[in-house]
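# Observations on the three-dimensional arrangement
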Amino acid sequence: MSHPYDALTPDAVVDCVETVGYRCDLRLIGLNSYENRVYQVGIEDEVPVIVKFYRDQRWTDEQILEEHRFALELVEHDISVVAPEIKNGETLHKALGQRFTVFQRRGGHPPELDNLEHLYQLGNVLGRIHRVGAAKPFEHRIQIDIPRMATASRQFLSEHFIPRDLQEAYGTLALDCEQAAQELLSGMATSDLQRIHGDCHCGNILWRDDTAHFVDLDDCIMGPAIQDLWMFLNGERHHREQQLAELIAGYEEFHDFDPRQLNWVEALRTLRIMHHAAWLGRRWDDPAFPKAFPWFGQERFWGDHILELREQMAAMNEPALRLL
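In this text the structure is predicted, and so the values were computed from the model without any measurement. (Residues numbered from 1 in each chain as written. Predicted model: local features only at pLDDT ≥ 70, side-chain atom pairs only at ≥ 80, totals over all residues. Heavy atoms only, no water.)

With that settled, the discussion passes to the side chain of Gln98. Secondary-structure assignment places Gln98 in strand β5 (residues 98–104). Judged by its relative accessible area of 8%, Gln98 falls in the buried class. With residues near it in sequence (within four places) discarded, Gln98 still touches Pro4, Tyr5, Leu8, Cys16, Phe53 and His93. (Helix = DSSP H or I, 4+ residues; strand = E, 2+ residues; numbered from the N terminus. Buried < 20%, exposed > 50% of the residue type's maximum accessible area, 1.4 Å probe, protein only. Contact = heavy atoms within 4.5 Å.)

What follows is the structure in structure tokens.
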């Protein structure tokens, strides 16, 4: 089966990049990205650039451009975000049937989540990002919601991937998780949603010179502030509460945090788990996915997935983390 990225040969990558004024030296390195295709492209007599080719039919042009404007707005406020390069007055370029954007290359390593100073600084930067993000809403980007992330994911997996002998166990449990998340998030109002990074994990942060540099706003979304914070919490409950205290202490240097949102952490985690499993299934016709995730779809995977959802049901019934 052909795929839109089949046409993105090395020659096509070079030709696309050269249409916006660069002169490539033909050195290409494919980087670790599956939803899009991302390359480091060598430029004659200059530092290489990073080029992202957007997946067809995932985001509209308006949604991509809104992501770019948000990144550039953050840079205008002296926040270290890797924003798109403006070439010929544009950030989104089109050539050879592809849509792509060019970024400066940045180096760094993931933050150390067991380092409380790193967590405090992460909170600092996220507080600044959210202060800017709260100034106005997105007009075109989507928002966190249960129908898309839980209901549609549950139905898709049941119809296409869940083994027959696990259908009943999965269907009952996934519906229970969805309903529990719905109850926990029932207090989340439109006024609680703002522009956020949306996929805020260590892989999207480059730590360099004692500073957190945020990359990849491809999943920026309208959501609650806690969505950009909870993925930095790990370990036993008392460890997570200690980590949370450092994050929020740094965060509130620049932006207020509503402690009500701590009640939503496990519901949001559940939505992410369900959505991620369905995302893998929806992308299975892309040849990169079976190669990268060969375990997906095996019966053992579904057994582990059901166990993970059971653990989430238990977590959603526990008291929320305390802000020490």
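Picking up where we left off.
Inspection of the entire model under this criterion finds zero disulfides. The closest cysteine sulfur to the non-disulfide-bonded Cys16 is located on Cys24, 9.8 Å from its own sulfur. Residue classification places Cys16 among the buried residues on the basis of a relative accessible area of 0%. Between Cys220, a cysteine without a disulfide, and Cys200, which holds the nearest cysteine sulfur, the sulfur-to-sulfur distance is 12 Å. (Disulfide = S-S within 2.5 Å.)

Once that is clear, we can look at the layout of surface pockets. Estimates place the volume of the second largest pocket at around 300 Å³. Counting only elements with at least two residues in the lining of the second largest pocket, the list comes to α6 (237–251), α7 (265–282) and α9 (299–316). Counted by class, the lining of the second largest pocket contains nine nonpolar, two polar and six charged residues. (1 Å grid on protein atoms, 1.4 Å probe; cavity = no way out; pocket = protein on both sides within 12 Å on 5 of 7 lines; lining within 4 Å. Points joined across faces, edges and corners; volume = space filled by probe spheres on them. Nonpolar A, V, L, I, M, F, W, Y, C, P; charged D, E, K, R; others polar.)

It is worth spelling out the pairing of strand β8 (residues 211–214) at this point. Relative to β8, strand β7 (residues 205–208) is paired through four bridges, and the arrangement is antiparallel. Within the sheet, the bridge partner assigned to Arg208 lies in β8 and is Thr211. Linking two consecutive strands that pair antiparallel, namely β7 and β8, is a turn of two residues; a positive phi of about 55° is found at Asp209 within it. (Pairing = 2+ DSSP bridges.)

Turning our attention to the sheet that holds strand β3 (residues 46–53). Taken in spatial order, the five strands make up an open sheet running β1-β2-β3-β5-β4, and their pairing is antiparallel. Each edge of the open sheet is held by one strand with a lone partner, namely β1 (24–30) and β4 (93–95). If you compare each strand with its neighbour and ignore which way they point, the axes differ by 35° on average. Summarising the sheet, β1 and strand β2 (residues 37–43) pair through four bridges and their orientation is antiparallel. By the bridge assignment, Ile29 is partnered in β2 with Gln40. Contacts from helix α1 (residues 10–18) reach β1, β2, β3, β4 and β5, with the element oriented near 120° to β1. (Axes fitted to C-alpha atoms, helices over the stretch in contact; angles between N-to-C directions.)

All right, on to the pattern of salt bridges then. Oppositely charged side chains are able to pair whenever their charged atoms sit close together. Taken as a whole and assessed by the stated rule, the structure comprises 24 salt bridges. Glu266 is the salt-bridge partner of Arg269, the closest N and O atoms lying 2.8 Å from each other. Here the residue Arg269 and the residue Glu266 both occupy positions in helix α7, the gap between them amounting to three residues, near one helical turn. When salt bridges that share partners are traced, they join Glu35, Arg37, Lys52, Arg55, Arg58, Asp216, Asp218, Asp219, Arg283 and Asp286 into one network. (Salt bridge = Lys/Arg side-chain N within 4 Å of Asp/Glu carboxyl O.)

All right, on to the packing of helix α2 (residues 61–76) against helix α3 (residues 116–133) then. Contact pair α2 / α3: the axes reach a minimum separation of 10 Å and the direction vectors enclose 120°. Comparing the axis directions of α2 and α3 gives the class oblique. Helix-helix and strand crossings are classified by hand; for α2 and α3 the assignment is right-handed. Along the contact surface, α2 presents Phe70, Glu73 and Leu74, while α3 presents Ile129, Val132 and Gly133. Taken together, the residues of the contact of α2 with α3 sort by class into four nonpolar, one polar and one charged. (Parallel < 35°, antiparallel > 145°, perpendicular 65-115°, else oblique. Left-handed = near helix turned anticlockwise from the far one by under 90°.)

This paragraph deals with the packing of aromatic side chains. In this structure the tally under the stated criterion is 17 aromatic pairs. With a centroid separation of 4.7 Å and 75° between ring planes, the pair formed by Phe301 and Trp302 is classed as edge-to-face. Each member of the pair, Phe301 as well as Trp302, carries the same accessibility label: buried. Here a set of aromatic residues connected by ring pairs shows up, and it is made of Tyr34, Phe156, Phe161, Trp279, Trp284, Phe289, Phe293, Trp295, Phe296, Phe301 and Trp302. Over the aromatic face of Phe254 sits the side chain of Arg128, whose NZ or CZ is 5.8 Å from the ring centroid. Over the ring of Phe156 we find Arg282, and its NZ or CZ is 4.7 Å from the ring centre. (Phe/Tyr/Trp six-rings, centres within 6.5 Å; stacked < 30°, edge-to-face > 60°. Lys NZ or Arg CZ within 6 Å of the ring centre and 35° of its normal.)

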